[in-house]
Amino acid sequence: NFDDEKEAIGYRQSAFSLIAYNFGDMGAMLKGKKPFDAEVFAMRAEHVAALSKLPIEGFIPGSDKGHTDALAKIWQDKADFDAKMTQFQENAAALANVAKADNQDDIKQAFMKTGKSCKGCHDAYKKD
Ligand code: ASC
C-alpha cells in the first residue's frame, strides 16, 4: 500500500508519463512524423497495454488534492471511472494484438480507438 496520497499520485503520474511517451511515439509514426517501424510500434503497443493496468491502483480515496489534475468527480463516479479505465485497458490490449500484424488500416483504427478512450476519460475526469 502507499504511504500517503502523495505517493499514490506520483505512482499513477509515473505510469501516465510512460503511457504518453509510448503512445505519442506511435502517433508520430502513424502521422508520418517519423518512419513507421513495425517492430518498434508493436513494442510500444505492448508497453502501453501493460502500463494501462497500472494507474488505477494510484487513484486512492482522498488523492484529489495537491499536485494532481485528477478531479474529485472520479471518486463520486468511481464505477464509471473504473469502467472507462477498463475500456482503455481493453482497447490498448486490442491495439497490441493488431500491431503484431503489419496491417496499417487495422493499426490506425485500433490506435484511434485507444486514443479516444484516453481523451474520453480526460474530458470527464481531468482538470483542463
Ligand atoms: C496522447 C496523449 C493523450 C492522448 C489523447 C488522445 O498522445 O498524451 O492524452 O494521446 O490526446 O486523444
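Residues numbered from 1 in each chain as written. Predicted model: local features only at pLDDT ≥ 70, side-chain atom pairs only at ≥ 80, totals over all residues. Heavy atoms only, no water.

Caption draft 1: Just the overall build of the protein, in detail. Secondary structure summary: the protein contains five helices and zero strands in total. Listed by position from the N terminus, the elements making up the protein come as α-α-α-α-α. Taken over the C-alpha atoms alone, the protein extends approximately 45 × 25 × 25 Å along its principal axes. In the protein, once contacts between residues fewer than 6 apart in sequence are set aside, the share between residues at least 24 apart is 71%. If you sum the accessible surface of the protein, you get close to 7600 Å²; carbon and sulfur atoms cover 54% of it. On the protein, the mean spot of the 18 positive side-chain charges and the mean spot of the 20 negative ones are 5 Å from each other. (Helix = DSSP H or I, 4+ residues; strand = E, 2+ residues; numbered from the N terminus. Contact = heavy atoms within 4.5 Å. Areas by Shrake-Rupley, 256 points an atom, 1.4 Å probe, with all protein chains shown as cover. Lys, Arg positive; Asp, Glu negative; His and termini not counted. Charge placed at Lys NZ, Arg CZ, Asp CG, Glu CD.)

Caption draft 2: Examining the environment of Met26 more closely. Relative to the helices and strands, Met26 resides in helix α1 (residues 5-30). Taking the relative accessible area as the measure of exposure, Met26 reaches 0% and is therefore buried. Residues Met26 and Lys108 lie 82 residues apart in sequence; the distance between their C-alpha atoms is 9.9 Å. (Buried < 20%, exposed > 50% of the residue type's maximum accessible area, 1.4 Å probe, protein only.)

Caption draft 3: A look at the site of the ligand. Contacts to the ligand come from Phe23, Gly115, Cys118, Lys119 and His122. Within the backbone of Gly115, one N or O atom sits 3.3 Å away from an oxygen atom of the ligand. One nitrogen or oxygen atom from the side chain of His122 is found 3.5 Å from an oxygen atom belonging to the ligand. For the ligand, whose unbound accessible area comes to 310 Å², protein coverage reaches 55%. The element that contributes the greatest number of residues to the shell around the ligand is helix α5 (residues 104-125), accounting for four residues. Partitioned by chemical class, the residues of the shell around the ligand number two nonpolar, two polar and one charged. (Near = heavy atom within 4 Å. Polar contact = N/O pair within 3.5 Å; in protein donor to acceptor, adjacent residues only side chain to side chain. Nonpolar A, V, L, I, M, F, W, Y, C, P; charged D, E, K, R; others polar.)

Caption draft 4: Fine view of the side chain of Asn91. Note on placement: Asn91 falls in helix α4 (residues 78-98). For Asn91, the residues in contact, after removing those within four places along its chain, are Lys113, Thr114 and Ser117.

Caption draft 5: Just the state of the cysteines, in detail. Under the definition given, this model contains zero disulfides. No disulfide involves Cys118; its sulfur sits 8.9 Å from the nearest other cysteine sulfur, which is in Cys121. The exposure class assigned to Cys121 is buried, which follows from its relative accessible area of 11%. (Disulfide = S-S within 2.5 Å.)

Caption draft 6: Geometry of the pattern of salt bridges. Under the definition given, this model contains seven salt bridges. Here Arg44 and Asp25 are joined by a salt bridge, their closest N and O atoms 2.7 Å apart. Taken together, the positions of Arg44 in helix α2 (residues 38-51) and Asp25 in helix α1 put the pair 19 residues apart, joining distant regions of the chain. With a relative accessible area of 13%, Arg44 lands in the buried category. Residue classification places Asp25 among the buried positions, given a relative accessible area of 9%. (Salt bridge = Lys/Arg side-chain N within 4 Å of Asp/Glu carboxyl O.)

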